[in-house]
Amino acid sequence: MAGLLKHILVDGYLWIKAFHVIAVVCWFAALFYLPRLFVYHAMTEDQAGRERFKIMERKLYRGIGTPSMIVSVVLGVGMLVTSPDYFLSAGWFHLKMLLVALLIAYHFCCFYFLKQFQADRNTRSHVFYRWFNEAPVLILIGAVIMVVVKPL
Ligand code: HEM
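The structure presented is a predicted model; accordingly, all values stated were derived computationally and were not measured.

## Points about the overall build of the protein chain
Working step 1: Helices and strands together make up the secondary structure of the protein chain, namely 6 helices and 0 strands.
Working step 2: Each helix and strand of the protein chain, placed in order from N terminus to C terminus, yields the pattern α-α-α-α-α-α.
Working step 3: Taken over the C-alpha trace, the protein chain has a radius of gyration of 19 Å; the compact-globule value for 152 residues is 15 Å, which it surpasses by more than 25%.
Working step 4: Considering only C-alpha atoms, the protein chain reaches an extent of 65 × 30 × 20 Å along its principal axes.
Working step 5: Across the protein chain, contacts joining residues at least 24 apart in sequence account for 76% of those joining residues at least 6 apart.

## Quick look at the site of the ligand
Working step 1: The ligand sits among 21 residues. The nearest are Y13, K17, H20, K96 and K150.
Working step 2: Within the side chain of K17, one N or O atom sits 3.1 Å away from an oxygen atom of the ligand.
Working step 3: One of the side-chain N or O atoms of H20 is found 2.8 Å from a nitrogen atom in the ligand.
Working step 4: Contributions of two or more residues to the shell around the ligand are made by α1 (2-43), α2 (47-80), α4 (91-118) and α6 (135-149).

## Brief notes about unusual backbone geometry
Working step 1: The backbone of D120 sits at a positive phi, close to 50°, despite the residue not being glycine.
Working step 2: Considering the arrangement of structural elements, one finds D120 in the loop between α4 and α5 (126-132).
Working step 3: A residue is classified by how much of its surface remains accessible, and D120, at 42% relative accessible area, is partly exposed.
Working step 4: If you check the backbone angles, K150 has positive phi at about 50° while not being a glycine.
Working step 5: Here K150 lies in the segment after α6.
Working step 6: Look at K150 and you get partly exposed, because its relative accessible area is 34%.

## A look at the packing of α4 against α6
Working step 1: Put simply, α4 and α6 touch, their axes get as near as 9 Å, and they point 155° apart. Considering their axes alone, α4 and α6 lie roughly antiparallel with respect to each other. The interaxial crossing formed by α4 with α6 has left-handed handedness. Taking contact as the criterion, the partners of W92, L95, K96, L99, L102, L103 and Y106 in α4 are, on α6, A135, P136, I139, G142, A143, M146 and V147.
Working step 2: For the contact of α4 with α6, the class distribution of residues is 12 nonpolar, 1 polar and 1 charged.

## Observations concerning the pattern of salt bridges
Working step 1: Counting across every chain of the model gives 2 salt bridges.
Working step 2: A salt bridge links E51 to K54, with the nearest nitrogen and oxygen atoms 3.0 Å apart. Note that E51 and K54 are positioned in helix α2 at a spacing of 3 residues, about one turn of the helix.
Working step 3: Note on K54: relative accessible area 6%, which makes it buried.
Working step 4: Notably, a salt bridge pairs K54 with D120, separated by 3.1 Å at the nearest N-O pair.

## Examining α6
Working step 1: The terminal C-alpha atoms of α6, which comprises 15 residues, lie 21 Å apart, in line with the 21 Å expected from a rise of 1.5 Å per residue.
Working step 2: Looking at α6, one finds that the buried residues are P136, I139, G142, A143 and M146. In an axial view of α6, the angular spread of the buried residues amounts to 130°, which keeps them on one side of the axis. Residues of α6 that are exposed and angled more than 90 degrees away from the buried face: L138, V148 and V149.

Cut-offs applied
- Residues numbered from 1 in each chain as written.
- Predicted model: local features only at pLDDT ≥ 70, side-chain atom pairs only at ≥ 80, totals over all residues.
- Heavy atoms only, no water.
- Helix = DSSP H or I, 4+ residues; strand = E, 2+ residues; numbered from the N terminus.
- Rg over C-alpha atoms; globule rule 2.2 N^0.38 Å.
- Contact = heavy atoms within 4.5 Å.
- Near = heavy atom within 4 Å.
- Polar contact = N/O pair within 3.5 Å; in protein donor to acceptor, adjacent residues only side chain to side chain.
- Buried < 20%, exposed > 50% of the residue type's maximum accessible area, 1.4 Å probe, protein only.
- Axes fitted to C-alpha atoms, helices over the stretch in contact; angles between N-to-C directions.
- Parallel < 35°, antiparallel > 145°, perpendicular 65-115°, else oblique.
- Left-handed = near helix turned anticlockwise from the far one by under 90°.
- Nonpolar A, V, L, I, M, F, W, Y, C, P; charged D, E, K, R; others polar.
- Salt bridge = Lys/Arg side-chain N within 4 Å of Asp/Glu carboxyl O.
- Expected span 1.5 Å × (residues − 1).
- Arc of directions from axis to C-beta.

Now the structure itself:
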């Protein structure tokens, strides 16, 4: 009986971790693609083209970005509560959570720009959005090194 329970708990943890990583990949796919749409949207002058980008951006943010953020966080917390003392005392986890907080802030920054574009009130250039597009790459590199290598 004890063996079965251990099997379920360990496997259960690994299933949660697997879907956590899947959700994180989907979240990053949205956070890499949405600012790229902002780049092309900021360069578009015809209204029909702008309307098309508005639909794509809105569906990407609401249909993939936000749901995968929520699943990433819920499953991450699900693993955290299995050993809170261990994780909350680990330097690598603190730095990972700081990077995750930055990523969530970036996500809501995208929401602000999405609303600006929806209302045809964007004032930033495509160059701004090209640089803005790079930020999640740095967060991804930092967070994955922290959680896989655990250097601290
Ligand atoms: C609030 C949000 C998050 C929380 C609470 C969280 C928490 C966790 C926890 C507790 C683990 C298990 C670590 C282990 O078993 O060693 C884990 C694994 C993982 N997390 Fe997160 N995470 C969050 C967001 C993210 C984000 C945004 C990324 C991507 C950059 C990420 C990438 C990973 C990866 C790749 C693993 C698997 C590591 C391994 O197999 O060794 N997590 N996460």
